[in-house]
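Observations on the model geometry
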There are 2 protein chains.
Amino acid sequence: MHVFAEIITIGDELLIGQIVDTNSAFIADELTKIGISVRRIISIPDKSHDIIETLENSLKYANILILTGGLGPTSDDITKQTLAQLFDSKMIIHKPTLREIEKYFAKRGIEVSERNRKQAEIPNVCTPLKNSIGTAPGMLFMKSGRQIYSLPGVPFEMKALIKEQVIPTILKEFKLPIILHTTVLTTGLSESYAADLLKEWEERIPAGCSLAYLPSPGILKLRISISGSNREILKNQLKSLEEELKSLIGYQFVFGTDTDTLQSVIGRRLTELHQTLAVAESCTGGYIAHLVTSVPGASAYFYGSATSYSNNSKIKVLKVSESNIQSEGSVSKAVVEQMAEGAKRIFNTDFGIATSGIAGPDGGTELKPVGTIWIAVATPDKIITQKFFFPDVRERNIVRASITALNMLRIAIDEFNKK
Amino acid sequence: MHVFAEIITIGDELLIGQIVDTNSAFIADELTKIGISVRRIISIPDKSHDIIETLENSLKYANILILTGGLGPTSDDITKQTLAQLFDSKMIIHKPTLREIEKYFAKRGIEVSERNRKQAEIPNVCTPLKNSIGTAPGMLFMKSGRQIYSLPGVPFEMKALIKEQVIPTILKEFKLPIILHTTVLTTGLSESYAADLLKEWEERIPAGCSLAYLPSPGILKLRISISGSNREILKNQLKSLEEELKSLIGYQFVFGTDTDTLQSVIGRRLTELHQTLAVAESCTGGYIAHLVTSVPGASAYFYGSATSYSNNSKIKVLKVSESNIQSEGSVSKAVVEQMAEGAKRIFNTDFGIATSGIAGPDGGTELKPVGTIWIAVATPDKIITQKFFFPDVRERNIVRASITALNMLRIAIDEFNKK
């Protein structure tokens, strides 16, 4: 059975361009992953007439409607009242929700107002869906075999409801094929290069399998999807497809799967090995340190970093030799190596990484144009240095240089520990 | 005359959740700013039937339709063919576009393929709109007084076409009121606090004026809009409303207007004053340095930063006293002040800022729970220190602490230079 869904996001703020609708892409991705086709995504204002008209139209085309937004406590939030009217339903107090609201306010020592109490009202024909993160429950309405879900617009509440309530309920109600996914994470590959590399393999993979390319600055995600009827067989097939893909792309480029990040992979590895890291940054200006410290628990292996923007700070803080800066310039092999060694020595760590380059838009010369970037990784027993050229806008050059440095570090950690 | 628009974004990638539709919010914002009401935003797949059905339906409600996507060179891009069919039009070669395409390939020494040449084809009934950034032109179709714009989906090409072609054409065709805007940028204020503060003022401002609250982590933007018929009068009215708003909110919270950022405001000020900055970060982990160095030309005033995650690096690199760390802990007034002083001294700058806190999710204690953050600013003649509590998730705590530190720095620079 082919199941179609439509996503309807409700809120004036969407139509005046005040916020970007990120909810729909999340919901569409979750639905696609279980084999449901999303036919349309529609954003409409908080107007009763528009909500009813859109719903009635969408019900002609879709088995499932997912509505987000308009469930808040203020007077412009009218989704609940509109649904009650559409389904000829009266409002009742949903006791578990009222108890949650009372608990929430009691904890903060505030009295529950009439407006807050009203948040516990739901139309009596709907099935409430437990919201594990907030107080407003989701609601499920049924109409001639079709499901209509109404969810809060707050992204993290909506996400919890989709994962914990909506997807399981859909899977129970509709007979869908089993679909499994795995995402292989790569860096250093362009989309077109990867497509050429994988062309033959893509033609060879069995029916029911597909590959999606998901690019973002510095990173290319490759998602393999597979569908069928036997979960165990699919799991094994997926595992071997993943291994094939990884070995085709190569260890140098593949840094993880699914929710991994370069900094989390490095963090896990350093924690296991009881080894430590310091960073010296010039053109990346603190972004590498920011990525590394965005991982909870980074203090176990990350001791610190120095961002040295001035030559003087390179000399004074990182102990780069003044004569090297004068003879080679600060964007050079000699200087970036001394920066990496300096960071490692000063912070007393096992590994040190450093960047020095010209992020732009100014500062380029004919010999060293904007985008010229040197990266060095100092390990306990050697130093690896490479020159790159990223001729993009400042912001993206910083991101790409940082990701590239982390990937060099990942490889250097593995190589050192193999011995 | 009230003018309505609908935005239609076309692309399979939107409906499988592969990309977030950021184009629509941009377009909705641009249309809202010139006084047009956006009625719906609809995302549909690259299917001829869906495009025609959606267009015909939207034309019943809107004077202006803006379509994005589906104009690329690959076989799944079918917007152009579909519009030609809908408007009973044949394809012709658009000479200026062909010349652009030939130039593009000649520069790269590649021959123009048949597929690329086809990119220069447009339906003969449309008015081509010059794309100043890419090769594919926008297209304008007219139907009984209604305008239908078809634009490429690539965000930066779409944005250029909206600003340079679409908005001017709409303003020529439709009689719209003049609308002017200014955005006052604040930090350190919650939306509800600001709303209470501005309640009376909002009730008092003249008809035709409105205020929008645009919150993002750590920053609240307040946009004043004003409409009428005389541009000069409106400009003056807007200026005085802006001044009223600024003085109501107060200098401590207002850091700029429109496209300013805290780091660009600070950068401009330090450049003018020929003064310099160094940073010492613990819990913010490099994010302050990243913000500061995201401004082109930051090397003129930013000398460097040290991220000291380990106690040892605080002692060794920033010369924090070991006994202070032992008696007060590293998250303390004494330590954060020594970090700021240390950064200023080591990098030899006029100002030094420092953060030390517990970003979470681990590391909190009863006395110093997650979210406890100390910030210090060392000026040439004194040190300003403050304790904050940001009990949110790690990522947002880092952003808020960084923005708060930069705002303290902004005020300290002004205060020092007033003397």
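The notes below deal with the structure included here. Predicted, not measured: the structure shown is a model, and the values here were computed from it.

Let us now look at the environment of Ile224(A). Residues and elements named next belong to chain A. Topologically, Ile-224 is positioned in strand β11 (residues 219-228). Taking the relative accessible area as the measure of exposure, Ile-224 reaches 0% and is therefore buried. In this structure the C-alpha to C-alpha distance between Ile-224 and Thr-97, which are 127 residues apart in sequence, comes to 40 Å. Residues within four places of Ile-224 in sequence aside, it is in contact with Leu-180, His-181, Thr-182, Trp-201, Ser-210, Leu-211, Leu-238, Leu-241, Glu-242 and Leu-245.

As a further point, take helix α3 (residues 48-59) of chain B. For α3(B), spanning 12 residues, the distance from its first C-alpha to its last is 17 Å, which sits close to the expected 16 Å at 1.5 Å a residue. When we look at burial in α3(B), the residues that qualify are Asp50(B), Ile51(B), Ile52(B), Thr54(B), Leu55(B), Ser58(B) and Leu59(B).

Bringing the pattern of salt bridges into the picture now. Evaluated as defined, the whole model comprises 40 salt bridges over all chains. With its nearest N and O atoms 3.1 Å apart, the salt bridge here joins Glu337(A) to Lys333(A). Of this pair, Glu337(A) and Lys333(A) both sit in helix α14 (residues 333-346), separated by four residues, roughly a single helical turn. On the basis of relative accessibility, which here comes to 18%, the residue Glu337(A) falls in the buried class. Taking the relative accessible area as the measure of exposure, Lys333(A) reaches 43% and is therefore partly exposed. When the shortest N-O distance is used, the salt bridge between Lys103(B) and Glu100(B) registers 3.5 Å.

What sets the pattern is the α-helix's 3.6 residues per turn: residues three or four places apart point alike. Residues and elements named next belong to chain B. Spanning 19 residues, helix α9 (residues 231-249) covers 27 Å between terminal C-alpha atoms, matching the ideal 27 Å at 1.5 Å per step. All of the buried residues in α9 are Leu-234, Leu-238, Leu-241, Glu-242, Leu-245 and Ile-249. What you see down the axis of α9 is that its buried residues fit within an arc of 105 degrees, all on one side. Pointing more than 90 degrees away from the buried face of α9 are the exposed residues Asn-236 and Ser-247.

That bond from Gly360(A) to Pro361(A) is cis: its omega, 0 degrees, falls within 30 degrees of zero. Looking at where Pro361(A) falls in the secondary structure, it is placed in the loop between β15 (351-357) and β16 (372-378). Non-glycine residue Lys319(B) carries a positive phi angle of around 60 degrees. Note on placement: Lys319(B) falls in the loop between α12 (311-316) and α13 (322-328). Positive phi outside glycine occurs at Asn348(B), with the angle close to 60 degrees. Here Asn348(B) is to be found in the loop between α14 (333-346) and β15 (351-357).

Time to look at the relation of the copies chain B and chain A. When chain B is fitted to chain A, the best match, at an RMSD of 0.3 Å, comes from turning it 180 degrees and sliding it 0.3 Å along the axis. Those values place the two copies in the arrangement expected of a two-fold rotation axis. In this assembly, 98% of the residues forming the interface of chain B have copies in chain A that are likewise at the interface, indicating an isologous arrangement.

Summarising the element assignment, Thr293(B) is placed in helix α11 (residues 287-293). Polar contacts involving the side chain of Thr293(B) include one to the main-chain carbonyl oxygen of Gly285(A), which spans 3.1 Å. Here the side chain of Thr293(B) touches Ala289(B) through a polar contact of 2.8 Å, landing on its backbone oxygen. Once residues lying within four places of it in the same chain are set aside, the contact partners of Thr293(B) are Gly285(A), Tyr309(A), Arg394(A), Ile398(A), Ala298(B) and Phe302(B).

Let's shift gears to the interface of chain B and chain A. Residue-level contacts link 57 residues of chain B with 57 residues of chain A. Together chain B and chain A conceal approximately 4,400 Å² of surface at their shared face, both sides included; 56% is due to carbon and sulfur atoms. Of all residues in chain B, Leu15(B), Ile41(B) and Tyr309(B) bury the most surface against chain A, accounting for 12% of the area lost on that side. Counting across the chain B and chain A interface gives two salt bridges. Across the pair Glu53(A) and Arg39(B) runs a salt bridge whose closest N-O atoms are separated by 3.6 Å. The tally of links between chain B and chain A comes to 22 residue pairs in polar contact (both at pLDDT 80 or more).

Right, let's talk about the environment of Phe141(B) for a bit. Residue and element names in this part refer to chain B. Tracing the backbone shows Phe-141 in strand β7 (residues 138-143). As a C-alpha pair, Phe-141 and Ser-327 span 186 residues in sequence and 74 Å in three-dimensional space. Leaving out residues up to four positions away in the same chain, Phe-141 has contacts with Leu-83, Phe-87, Pro-123, Val-125, Cys-126, Arg-146, Gln-147 and Ile-148.

Let us look at the nonpolar core. Counting 41 residues, the largest nonpolar core has Leu55(A), Leu65(A), Leu67(A), Leu55(B), Leu65(B) and Leu67(B) as its most contacted members. In this view, Leu65(A) contacts Glu6(A), Ile8(A), Leu55(A), Ser58(A), Leu59(A), Gln147(A), Ile148(A) and Tyr149(A); residues no more than four positions away in its chain are not counted.

On to the side chain of Ser150(B). Residue and element names in this part refer to chain B. Considering the arrangement of structural elements, one finds Ser-150 in strand β8 (residues 146-151). For Ser-150, a relative accessible area of 0% gives the class buried. Sequence-distant contacts of Ser-150, that is, excluding residues within four places in its chain, are made with Leu-67, Leu-71, Thr-79, Leu-83, Gly-138 and Met-139.

For the rest of this paragraph, the subject is the sheet that holds β15(B). Reading across from one edge, β17(A)-β16(A)-β15(A)-β13(A)-β14(A)-β14(B)-β13(B)-β15(B)-β16(B)-β17(B) is the order of the 10 strands in this open sheet, with mixed pairing throughout. In this open sheet, the two edge strands, each paired with only one partner strand, are β17 (383-389) of chain A together with β17 (383-389) of chain B. When the angles between neighbouring strand axes are averaged without regard to direction, this sheet yields 10 degrees. Examined bridge by bridge, β15(B) and strand β16 (residues 372-378) of chain B share six bridges and lie antiparallel to one another. Opposite Thr355(B), over in β16(B), you have Ile375(B) as the bridge partner. Lying over the sheet, helix α15 (residues 394-418) of chain A contacts β13 (277-281), β15, β16 and β17 of chain A, oriented at roughly 25 degrees with respect to β16(A). In the packing of α14(B) onto the sheet, the strands contacted are β13 (277-281), β14 (302-308), β15, β16 and β17 of chain B, and the crossing angle to β15(B) comes to about 145 degrees.

Attention now goes to the packing of helix α10 (residues 262-273) of chain A against α15(A). All names here are of chain A. Axis separation between α10 and α15 bottoms out at 10 Å; the angle between their running directions is 25 degrees. With respect to each other, α10 and α15 are oriented roughly parallel. At the point where α10 passes α15, the crossing takes the left-handed sense. Touching Leu-262, Gln-263, Val-265, Ile-266, Arg-269, Leu-270 and Leu-273 of α10 are Ile-403, Leu-406, Asn-407, Leu-409, Arg-410, Ile-413, Asp-414 and Asn-417, all from α15. For the contact of α10 with α15, the per-class residue count stands at nine nonpolar, three polar and three charged.

Rules used in this analysis
- Residues numbered from 1 in each chain as written.
- Chains lettered and ligands numbered in written order.
- Predicted model: local features only at pLDDT ≥ 70, side-chain atom pairs only at ≥ 80, totals over all residues.
- Heavy atoms only, no water.
- Helix = DSSP H or I, 4+ residues; strand = E, 2+ residues; numbered from the N terminus.
- Buried < 20%, exposed > 50% of the residue type's maximum accessible area, 1.4 Å probe, protein only.
- Contact = heavy atoms within 4.5 Å.
- Expected span 1.5 Å × (residues − 1).
- Salt bridge = Lys/Arg side-chain N within 4 Å of Asp/Glu carboxyl O.
- Arc of directions from axis to C-beta.
- Least-squares fit on C-alpha atoms with pLDDT ≥ 70 in both.
- Polar contact = N/O pair within 3.5 Å; in protein donor to acceptor, adjacent residues only side chain to side chain.
- Buried area = accessible area lost by both parts, 1.4 Å probe.
- Core = buried A, V, L, I, M, F, W, Y, C linked by side-chain atoms within 4.5 Å.
- Pairing = 2+ DSSP bridges.
- Axes fitted to C-alpha atoms, helices over the stretch in contact; angles between N-to-C directions.
- Parallel < 35°, antiparallel > 145°, perpendicular 65-115°, else oblique.
- Left-handed = near helix turned anticlockwise from the far one by under 90°.
- Nonpolar A, V, L, I, M, F, W, Y, C, P; charged D, E, K, R; others polar.

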